[in-house]
Amino acid sequence: MDYGEDYFDDMDEGGENMFDYFDEDEMTPEMAEWLENYRQGQQAPGPLEYDRISASEMLENCIVPTSLQMVQGLFSVLVMSFIFRIVAQLRRASAKEGEGGVPEWMVHFASSVFGVMVLHTLFRLALIYLVVCCALTYLFLVLLAPGGRRMSGPATTALIAAYAVFCELWLVEPTTWHQIRGAQMVLSMKIISLAFDFGSGAIIDLPNIFDFMGYSFHVGTVIFGPWVSYEDYHKSLMAEKLPLSFGWLLKCVSSCLLSVVCLLYSTCFTHWIILDHASKWLLAYRDAQSFRFSHYFVSFMSETTAVLSGIGWSEEDGNVQWTLSVSKPHNIELPRSLVEVVTNWNLPMHYWLKTYVFKAARRYGTFAAVLCTYAASSLLHGLNFQLASVLFSLGFYSYAEFVLREKLSRIFSACIQAKRCKEGCKHSYTPYHPCTIVANTTFFLLSVLHLAYLGLMFDSSSQEEQGYTMEHTLSKWYHLAGFKMF
């Protein structure tokens, strides 16, 4: 449809020529009725009514297609992760029998090959940017190791940051970079943590090329994550007691089912529960919650692939427990504070930021360390105004809330801190005192409001494939506040 320069003038003059601006195939009976009523000065029909579709329509048009698309997209990742688990298990079995069996380097090689195959299935030739990043940083670490080992962490971080910025701004198309950004983030976290551990002496010798590639492209964590340390990766391969147990299978199945539930809720049920004619704040909460559940889908799927490949276990009293946890949705949907939201959003990434960024910057003050942490998180997510604005807003809000509640807790001797008090605290007002409940409920509602405010721009608009612009983000916030952008 072609909008001429006099289009809106014609509308103001009564719409005599409005029919001329619509093609014949675009004119529906309903639209013709609206335009005719407008031209004749009559009252147009009432507002459009939004009705919930039936359960059968939901099943046919959303649940089944979404489930099939998920299976088609993730089947190769799940299969490759399981095959690698079998390969690692065969190595352990042959090593126990004293037959030598599969050499260690071959297991690492299999990890990297399966990982690259999965990357090719999802990203095709775009995986080359990840391979180049991995090869470039390993060569850099080899050259730096003899005389500059202590600078391995900061220097490698600078190199990866420069490479990511160069790719995003000049080398890679925005749509392609947006597709591989998640995998690039996980890869960057792995390499940076390995470089810092090598520089501090936590890793005595620089891993050989097979170890490095196997860790970087580990099939169970190469797509969705989560970040795992080199020590945990190596432990998952070298452990003597790691059988295919019922506990392992139960963890894989439960995480996979939770992932499916979160995906279906995000895609199908959020818009079915809250219809489009609801208030703008309720719609903002709906869109933000839809985005959060899509994140839970990724988190639980990352648990599935990691555990399926043999990562994410701990040993208690001689028994192997599969305890990997990436996200805790109940602490995010029903948050005590924004601090709790930030902590439970991605537990492995929170640990990574705390270990390699926050503690290193703590010498410059707590607030400076918080800013550095959120700056590092923003850079890992890419040069995206939308993500940066949300992350820095979270940093300011959570820090202000933490300080405020800390002071209020001290003044009134009440359990109203951003984090829950430990049992046996000496506060006069316990968590179950009416005044404490009112205060904590108020902060809970404020956190929910912030979640809606910060998450509403993560919609499914056409800009999603390339990343959202500053104009898109600001227009969303302006609309929510009741203002117009221009």
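Rules of the game
Residues numbered from 1 in each chain as written. Predicted model: local features only at pLDDT ≥ 70, side-chain atom pairs only at ≥ 80, totals over all residues. Heavy atoms only, no water. Helix = DSSP H or I, 4+ residues; strand = E, 2+ residues; numbered from the N terminus. Buried < 20%, exposed > 50% of the residue type's maximum accessible area, 1.4 Å probe, protein only. Contact = heavy atoms within 4.5 Å. Areas by Shrake-Rupley, 256 points an atom, 1.4 Å probe, with all protein chains shown as cover. Axes fitted to C-alpha atoms, helices over the stretch in contact; angles between N-to-C directions. Parallel < 35°, antiparallel > 145°, perpendicular 65-115°, else oblique. Left-handed = near helix turned anticlockwise from the far one by under 90°. Nonpolar A, V, L, I, M, F, W, Y, C, P; charged D, E, K, R; others polar. Disulfide = S-S within 2.5 Å. Core = buried A, V, L, I, M, F, W, Y, C linked by side-chain atoms within 4.5 Å. Patch = residues over 30% accessible without salt bridge, like charges linked within 9 Å, V, L, I, M, F, W, Y side chains within 5 Å. Salt bridge = Lys/Arg side-chain N within 4 Å of Asp/Glu carboxyl O. Phe/Tyr/Trp six-rings, centres within 6.5 Å; stacked < 30°, edge-to-face > 60°. Lys NZ or Arg CZ within 6 Å of the ring centre and 35° of its normal. Pairing = 2+ DSSP bridges. pLDDT = per-residue confidence, 0-100.

1. Regarding the overall build of the protein
Next up, step 1: A count of helices and strands for the protein gives 18 helices and 2 strands.
Next up, step 2: Burial statistics for the protein: of 486 residues in total, 44% are counted as buried.
Next up, step 3: Restricting to contacts in the protein with at least 6 residues of sequence separation, those with at least 24 account for 65%.
Next up, step 4: Accessible surface computed for the protein: about 25900 Å², of which carbon and sulfur atoms make up 63%.

2. Quick word on the packing of helix α5 (residues 128–144) against helix α7 (residues 174–200)
Next up, step 1: Closest axis-to-axis distance for the α5/α7 pair is 10 Å, and the angle between their directions is 20 degrees. Overall, the two elements α5 and α7 adopt an arrangement that is roughly parallel. Both α5 and α7 take part in a crossing whose hand is right-handed. Taking contact as the criterion, the partners of Tyr129, Leu130, Cys133, Cys134, Thr137 and Leu141 in α5 are, on α7, Thr176, Ile180, Ala183, Gln184, Leu187, Ile191, Leu194 and Ala195.
Next up, step 2: Here the contact of α5 with α7 is built from residues that sort into 11 nonpolar, 3 polar and no charged.

3. Quick word on the environment of Cys62
Next up, step 1: With respect to the helices, strands and loops of the structure, Cys62 is situated in helix α3 (residues 55–96).
Next up, step 2: Judged by its relative accessible area of 14%, Cys62 falls in the buried class.
Next up, step 3: Residues within four places of Cys62 in sequence aside, it is in contact with Glu57, Thr267 and Cys268.

4. Considering the side chain of Ser302
Next up, step 1: The residue Ser302 is located in helix α11 (residues 280–308) in this model.
Next up, step 2: Apart from the residues within four sequence positions on either side, Ser302 is in contact with Gly220, Phe224, Gly225, Pro226 and Val326.

5. Notes on the state of the cysteines
Next up, step 1: As enumerated under the stated definition, the model contains 1 disulfide in all.
Next up, step 2: Disulfide pairing places Cys62 opposite Cys268 at an S-S distance of 1.9 Å. Judged by the sign of its S-S torsion, about -90 degrees, the cystine formed by Cys62 and Cys268 is left-handed. Here Cys268 lies in helix α10 (residues 246–273) and Cys62 lies in helix α3, a separation of 206 residues in the sequence. When sorted by exposure, Cys62 lands in the same class as Cys268, which is buried.

6. Focus on the nonpolar core
Next up, step 1: Counting residues in hydrophobic clusters, the biggest one holds 60 residues, and the most contacted among them are Leu119 and Trp352.
Next up, step 2: Tallying contributions element by element places α7 first for this core, with 10 residues.
Next up, step 3: Setting aside anything within four residues of it in sequence, one finds Trp352 in contact with Met189, Ile192, Ser193, Trp227, Val357 and Leu380.
Next up, step 4: Counting residues in hydrophobic clusters, the runner-up holds 22 residues, among them Phe293, Phe300, Phe358 and Val370.

7. Notes on a nonpolar patch on the surface
Next up, step 1: On the surface, Phe166, Leu169, Trp170, Leu171, Leu379 and Leu383 cluster together to form a nonpolar patch covering roughly 620 Å² of accessible area.
Next up, step 2: Counting residues per element, the nonpolar patch draws most heavily on helix α6 (residues 152–171), which supplies 4 residues.
Next up, step 3: Mapping Leu379 onto the fold places it in helix α15 (residues 366–381).

8. Brief notes about the pattern of salt bridges
Next up, step 1: Summed over the entire model, instances satisfying the criterion amount to 7 salt bridges.
Next up, step 2: Among the salt bridges present, the one from Asp232 reaches Lys235, with a minimum N-O distance of 4.0 Å. Taken together, the residues Asp232 and Lys235, both in helix α9 (residues 230–238) and 3 residues apart, mark about one turn of the helix.
Next up, step 3: Accessibility expressed as a relative area gives 33% for Asp232, which makes it partly exposed.
Next up, step 4: Between Lys251 and Glu303 there is a salt bridge, and its shortest N-O distance comes to 3.2 Å. Remark: Glu303 occurs in helix α11 and Lys251 occurs in helix α10; sequence separation between them is 52 residues. In this structure, Lys251 and Glu303 share a single accessibility class: buried.

9. So, the environment of Gly73
Next up, step 1: Note that Gly73 resides in helix α3.
Next up, step 2: On the accessibility criterion, Gly73 (26% relative accessible area) is partly exposed.
Next up, step 3: For the pair Gly73 and Thr121, spaced 48 residues apart in sequence, the C-alpha separation works out to 8.7 Å.

10. Examining the packing of aromatic side chains
Next up, step 1: Under the definition given, this model contains 18 aromatic pairs.
Next up, step 2: With 6.3 Å between their ring centres and 80 degrees between their planes, Trp227 and Tyr356 make a pair best called edge-to-face. Residue Trp227 is found in the loop between α8 (209–216) and α9, and its partner Tyr356 is found in helix α14 (residues 347–361); the two are separated by 129 residues along the sequence. Side by side, Trp227 and Tyr356 carry an identical accessibility label, which is buried.
Next up, step 3: Pairwise contacts between aromatic rings join Phe196, Trp227, Tyr351, Trp352 and Tyr356 into one cluster.
Next up, step 4: The cationic tip of Arg85 hangs over the ring face of Trp248; the distance from NZ or CZ to the ring centre is 5.0 Å.
Next up, step 5: Its guanidinium or amino end placed over the ring of Trp313, Lys235 lies 4.9 Å from that ring's centre, counting from NZ or CZ.

11. Section: the pairing of strand β2 (residues 319–322)
Next up, step 1: Pairing geometry for strand β1 (residues 313–316) and β2, over 4 bridges, is antiparallel. From the neighbouring strand, Ser314 faces β2, where its bridge partner is Gln321.
Next up, step 2: A loop of 2 residues connects β1 with β2, the two strands running antiparallel in sequence, and Asp317 in this loop sits at a positive phi of about 55 degrees.

12. Remarks on the environment of Ala375
Next up, step 1: Following the sequence through the fold, Ala375 ends up in helix α15.
Next up, step 2: With 20 residues separating them along the chain, Ala375 and Gly395 place their C-alpha atoms 9.4 Å apart.

13. Some remarks on the confidence of the model for the protein
Next up, step 1: Of all residues in the protein, 79% attain a pLDDT of 70 or more, and the chain-wide mean is 82.
Next up, step 2: Contacts of residues 1–16 to residues separated by more than four positions or lying in other chains number 20 contacts, the stretch itself having pLDDT below 50.

14. Concerning unusual backbone geometry
Next up, step 1: Cis geometry is adopted by the peptide bond preceding Pro226, which originates at Gly225 and carries an omega value of 0 degrees.
Next up, step 2: Among the structural elements, Pro226 can be located in the loop between α8 and α9.
Next up, step 3: Unlike most non-glycine residues, Arg124 shows phi in positive territory, near 55 degrees.
Next up, step 4: The exposed category is assigned to Arg124, whose relative accessible area is 51%.
Next up, step 5: Phi at Ser413 takes a positive value of approximately 50 degrees, unusual for a residue other than glycine.
Next up, step 6: With respect to the element layout, Ser413 can be found in the loop between α16 (385–412) and α17 (434–455).

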